[in-house]
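Given next are the chains, with one letter for each unit.
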Amino acid sequence: MRRFSLKSLISEAFNAHQGWERQWRTPEPKAAYDAVIVGGGGHGLATAYYLAKEHGLTNIAVIEKGWLGGGNTGRNTTIIRSNYLYEESEAIYEHAMKLWAGLSQELNYNVMYSQRGVLMLAHNSHDVQSFKRHVYANRLAGIDNEWLTPDEAKEFCPPLNISPDLRYPIVGAALQRRGGVARHDAVAWGYARGADAMGVDIIQNCEVTGFRRDAGGAIAGVETSKGFIATKRVGVVAAGHTSVVMARAGLRMPLESFPLQALVSEPVKPAFPCVVMSNAVHAYISQSDKGELVIGAGTDQYISYSQQGGLHIPIHTLDAICELFPQFSRMRMLRSWGGIVDVTPDRSPIIGKTPIPGLYVNCGWGTGGFKATPGSGNVFAWTIAKGEPHPINAPFTLDRFRTGRLIDEAAAAAVAH
Ligand code: FAD
Ligand code: PYC
């Protein structure tokens, strides 16, 4: 695969960019693989990439029922941060943050990672107590997070309205300066290109419809819309449809699936320097490199597999955005969409083995898994390759909903649900 470099970009600029080859192949599935990953989102593709790169497993396939990144990976608002409360979560999100820092170089693909700072607004004394607890916990763990007064928050984000007359006045904010955003589909494409170059088969428009087990009950392969594929190891990374896929293996998952909606404005010149989130008023916002304001909402209240969601949800979010940033009140919205997020009872992911030998699952990232993509793929690949959890994902077992060793990140999830 030809590398992206200053030299190759300049030479292609003089060639009307006609010389670039396809970034990954479109193979037909083989009869058998050493491992199959179900789901071609960022997490599934990253898993395949690290399986090949770090564990030498190249006879593997990623099976995607639609197109790469067409799930939540290509629908999210790309906020990246690691300011979670518990040590288990801090470890996995920090692992991801460290991988984000070198990801464009690692993949030779520009994922446009931008550490512009994530500001989380506090509107009442409960928010203040909760966010300060996160600030202290993060700092103890060596993770940057700081408490700002309303004036300091405005200095960091000049468009912010800190008038005390607001319906939900801003009484302070937590700032993670290393937090930021990246280009979501570039993450999927970069991992796909890297995995393909090492021999991984990426098979799109192919749905996994069932599982075959051997006489001992272990995984023997997957049934797909393109036929049966034999394999002894399957990793399911299907986000909002994980319950549906796992039910085909006879497993009931502790997950609920909700629509989560987002929208973008018409593009404007650079006007917004950072990322701002407010859980209390159900809104978060940043500005993309194209100039669009990228705005997201809280989850719809009802479980559903409809990617449409209720119109009142983004309207409520836009009310909040206009109150927080009055300068945006005459902007027009270009398009809105939804994704189906997979929410666990403790708002933390599930990464590891299942009761079925050979079947692994990585899910439950809910409203907040984009930021974890490199770290999640990295430790899930280890788990599948070695048949045992990486120390970082060891606490995120399916079993915790039986033992009660929960990791309650409801407050750090930062999106109302
Ligand atoms: P997906 O990208 O959804 O990939 C799963 C894939 O599995 C899909 O492509 C699907 O087609 C495929 N699949 C399903 N069933 C089958 C089958 N039977 N056979 C084959 N393939 C199948 N997170 C953040 O960290 N920051 C944010 O700012 C943020 N904002 C969000 C905003 C919105 C509107 C949404 C919807 C989500 C947001 N998230 C955010 C969450 C984040 O998008 C997800 O947690 C993350 O992208 C999940 O990645 P994934 O690869 O696991 O899932
Ligand atoms: O987890 O940071 C997050 C997030 C922001 C928007 C949706 N999820």
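Since the model is a prediction, treat every value here as computed from it, not as a measurement. (Residues numbered from 1 in each chain as written. Chains lettered and ligands numbered in written order. Predicted model: local features only at pLDDT ≥ 70, side-chain atom pairs only at ≥ 80, totals over all residues. Heavy atoms only, no water.)

A.B. asks: Could you give an account of the site of ligand 2, with specific residues and numbers?
C.D. replies: Close contacts around ligand 2 come from Thr77, Ile79, Arg81, Tyr84, Met277, Tyr284, Thr367, Gly368, Lys371, Ala413 and Val415, and that covers them all. A distance of 2.7 Å separates an oxygen atom of ligand 2 from a polar side-chain atom of arginine 81. Lysine 371 is positioned such that a nitrogen or oxygen atom in its side chain is 2.5 Å from an oxygen atom of ligand 2. When ligand 2 sits alone it has 240 Å² of accessible area, and the protein chains cover 95% of it. (Near = heavy atom within 4 Å. Polar contact = N/O pair within 3.5 Å; in protein donor to acceptor, adjacent residues only side chain to side chain. Areas by Shrake-Rupley, 256 points an atom, 1.4 Å probe, with all protein chains shown as cover.)

A.B. asks: How would you sum up helix H2 (residues 42–55)? Please name residues and give values.
C.D. replies: Structurally, the α-helix is built with 3.6 residues per turn, so residues lying three or four positions apart point the same way. Helix length check: H2 (14 residues) gives 19 Å between terminal C-alpha atoms against 20 Å at 1.5 Å per residue, within 8%. Counting buried positions along H2 gives eleven out of 14 residues, so the element sits mostly inside the fold. Taken together, the buried positions of H2 are Gly42, His43, Gly44, Leu45, Ala46, Thr47, Ala48, Tyr49, Tyr50, Leu51 and Ala52. (Helix = DSSP H or I, 4+ residues; strand = E, 2+ residues; numbered from the N terminus. Expected span 1.5 Å × (residues − 1). Buried < 20%, exposed > 50% of the residue type's maximum accessible area, 1.4 Å probe, protein only.)

A.B. asks: Now, about the domain arrangement of the protein: what can you tell me, with residues and values included?
C.D. replies: Domain parsing of the protein yields domain 1 (32–82 + 84–109 + 184–254 + 346–413) and domain 2 (118–179 + 256–343). Taken together, the contact pairs 28 residues of domain 1 with 32 residues of domain 2. Interface of domain 1 and domain 2: buried area, both sides summed, is about 2,500 Å²; carbon and sulfur atoms make up 57% of it. Summed over the three residues of domain 1 that lose the most area to domain 2, namely Arg75, Thr77 and Leu85, the buried surface amounts to 23% of that side. Counting across the interface, domain 1 meets domain 2 through one salt bridge. Where arginine 178 meets glutamate 94, a salt bridge forms, and the shortest distance between an N and an O atom there is 2.5 Å. The interface formed by domain 1 and domain 2 holds eleven residue pairs in polar contact (both at pLDDT 80 or more) in total. (Domains from an automatic or database assignment. Contact = heavy atoms within 4.5 Å. Buried area = accessible area lost by both parts, 1.4 Å probe. Salt bridge = Lys/Arg side-chain N within 4 Å of Asp/Glu carboxyl O.)

A.B. asks: Explain the packing of H2 against helix H10 (residues 373–386) to me, and be specific about the residues and the numbers.
C.D. replies: For any two helices packed against each other, one specifies the crossing angle of their axes together with the interaxial distance. Running from N to C, H2 and H10 cross one another at 55 degrees; their axes reach a closest spacing of 7 Å. As judged from the angle between their axes, H2 and H10 are oblique. Here H2 and H10 pass one another in a crossing that is right-handed. Touching Gly42, His43, Ala46, Thr47, Tyr50, Leu51, Glu54 and His55 of H2 are Thr373, Pro374, Ser376, Gly377, Asn378, Phe380, Ala381, Trp382, Ile384, Ala385 and Lys386, all from H10. Considering only residue class, the contact of H2 with H10 consists of nine nonpolar, eight polar and two charged. (Axes fitted to C-alpha atoms, helices over the stretch in contact; angles between N-to-C directions. Parallel < 35°, antiparallel > 145°, perpendicular 65-115°, else oblique. Left-handed = near helix turned anticlockwise from the far one by under 90°. Nonpolar A, V, L, I, M, F, W, Y, C, P; charged D, E, K, R; others polar.)

A.B. asks: Outline the site of ligand 1, listing residues and values.
C.D. replies: Surveying the vicinity of ligand 1 reveals 38 residues, the closest of which are Glu64, Asn72, Thr73, Thr77 and Ile79. Between an oxygen atom of ligand 1 and a main-chain N or O atom of asparagine 72, the distance comes to 2.8 Å. Within the backbone of glycine 368, a nitrogen or oxygen atom sits 3.1 Å from an oxygen atom of ligand 1. Bound to the protein, ligand 1 loses 96% of the 1,000 Å² it would expose on its own. Secondary structure elements with two or more residues in the shell around ligand 1: H2, strand S13 (256–265) and strand S17 (333–343). When the residues that make up the shell around ligand 1 are grouped by side-chain class, the tally is 14 nonpolar, 18 polar and six charged.

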